Amino acid sequence: DTAVSQTPKYLVTQMGNDKSIKCEQNLGHDTMYWYKQDSKKFLKIMFSYNNKELIINETVPNRFSPKSPDKAHLNLHINSLELGDSAVYFCASSQGDGFTDTQYFGPGTRLTVL
Amino acid sequence: AQTVTQSQPEMSVQEAETVTLSCTYDTSENNYYLFWYKQPPSRQMILVIRQEAYKQQNATENRFSVNFQKAAKSFSLKISDSQLGDTAMYFCACYSGGGADGLTFGKGTHLIIQP
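Residues numbered from 1 in each chain as written. Chains lettered and ligands numbered in written order. Predicted model: local features only at pLDDT ≥ 70, side-chain atom pairs only at ≥ 80, totals over all residues. Heavy atoms only, no water.

### A closer look at the packing of aromatic side chains
The test is simple: Two aromatic rings from Phe, Tyr or Trp, using only the six-membered ring of Trp, form a pair when their centres are within 6.5 Å; if the ring planes differ by under 30 degrees the pair is stacked, by over 60 it is edge-to-face, and anything between is tilted. To qualify as a helix, a DSSP run of H or I must reach at least 4 residues; to qualify as a strand, a run of E must reach at least 2; elements of each kind are numbered from the N terminus. Relative accessible area decides the class of each residue, using a 1.4 Å probe on protein chains only: under 20% of the type maximum gives buried, over 50% gives exposed, and in between gives partly exposed.
This model, assessed by the stated rule, comprises 11 aromatic pairs over all chains. Aromatic side chains tryptophan 36 of chain B and phenylalanine 75 of chain B sit 6.4 Å apart centroid to centroid with 20° between the ring planes, which places their arrangement in the stacked category. Placement of the pair is tryptophan 36 of chain B in strand E5 (residues 33–39) and phenylalanine 75 of chain B in strand E9 (residues 74–79), with a sequence separation of 39 residues. Judged by its relative accessible area of 0%, tryptophan 36 of chain B is buried. Each member of the aromatic cluster is reached from another via a ring pair, and the members are Tyr33, Tyr35, Phe90 and Phe105 of chain A together with Phe35, Tyr37 and Phe105 of chain B.

### A short note on the nonpolar core
All names here are of chain B. Put simply, the test is: What we call a nonpolar core is a set of buried Ala, Val, Leu, Ile, Met, Phe, Trp, Tyr and Cys residues that are connected through their side-chain atoms within 4.5 Å. Note on contacts: a residue pair qualifies if any of its non-hydrogen atoms lie within 4.5 Å across the two residues.
By size, the foremost hydrophobic cluster in this structure holds 26 residues, and its most contacted members are Leu21, Trp36, Phe75, Leu77, Tyr90 and Leu111. Counting only elements with at least two residues in this core, the list comes to strand E2 (10–14), strand E3 (19–21), E5, strand E6 (46–52), strand E8 (64–69), E9, strand E10 (88–95) and strand E12 (109–114). Top contributing element to this core by residue count: E10, with four residues. Look past the residues within four positions of tyrosine 90 in its chain and what remains in contact with it is Gln6, Leu21, Trp36, Tyr37, Lys38, Val48, Phe64, Leu77, Ile79, Gly108, Thr109 and Leu111.

### Examining the pairing of strand E2 (residues 10–13) of chain A
Walk down a regular strand and you will see the side chains alternate between the two sheet faces. All names here are of chain A. Just so we agree on the cut-off: Strands qualify as paired when DSSP identifies two bridges or more between them.
Here E2 shows one buried face, formed by Leu11 and Thr13, and one open face, formed by Tyr10 and Val12. Relative to strand E11 (residues 109–113), E2 runs parallel, the two sharing four bridges. By the bridge assignment for E11, valine 12 is matched with threonine 112.

### Some thoughts on unusual backbone geometry
Here threonine 7 of chain A and proline 8 of chain A are connected by a cis peptide whose omega angle stands at -5°. Checked against the element boundaries, proline 8 of chain A lands in the loop between strand E1 (4–7) and E2. Even without a glycine there, the phi angle at asparagine 62 of chain B is positive, about 55°. According to the relative accessible area criterion, asparagine 62 of chain B is exposed, its value standing at 76%. Unlike most non-glycine residues, lysine 73 of chain B shows phi in positive territory, near 55°. Mapped onto the secondary structure, lysine 73 of chain B falls in the loop between E8 and E9. Taking relative accessible area as the criterion, lysine 73 of chain B reaches 26% and is therefore assigned partly exposed.

Here you go:
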């Protein structure tokens with residue numbers, strides 16, 4: 001069984017559109033995260049979220065918003081997509097509520113904005 | 001702001017050899033955590049090893065071990081008896097508190113294991 005899953009695996013869309021990427025974890029973890037990996041493989045944390053708080057990396061544009069319908073899901077919504085949003089987006093989860101715990105990553109979603 | 005530096009963009013070794021990937025970091029915090037993640041061609045990110053800064057003993061996971069030199073702010077990863085499946089990007093990361101801004105990844109080292 002996949003521990004952390006993301007859909008879709010690939011997403012191609014036009015500039016200006018709004019899109020969502022879904023993430024689900026079946027590990028019973030308390031905290032979920034979203035990362036962006038750019039074309040140079042550089043990884044950047046975007047958000048972390050548990051039932052207590054949402055922690056946002058202040059460099060992330062407010063066009064990006066995480067939505068958590070329940071503890072097992074953290075979806076990423078992106079409004080008004082821009083060319084620079086093209087990247088691989090990873091969802092992850094961890095047992096505890098901090099970055100010190102081991103994170104389990106999803107397979108990634110490759111987003112291409114045309 | 002903290003930094004994580006991986007000075008080797010790419011390395012290549014023969015199967016069964018031992019290879020060491022370097023990582024240096026800079027943080028003003030006394031308590032922090034260091035990680036090595038592996039990203040194979042499948043793109044999945046996998047935790048390889050984790051080290052807590054207040055622990056002097058170097059972490060070990062099977063063929064993977066670290067050389068943690070706190071004074072030098074160095075956190076190198078040693079892979080013994082390398083296997084073809086070790087071919088991947090390896091990322092060093094540091095978390096020093098303060099939420100999302102406290103987590104920083106290096107730019108990665110692409111390790112190629114040759115048959």
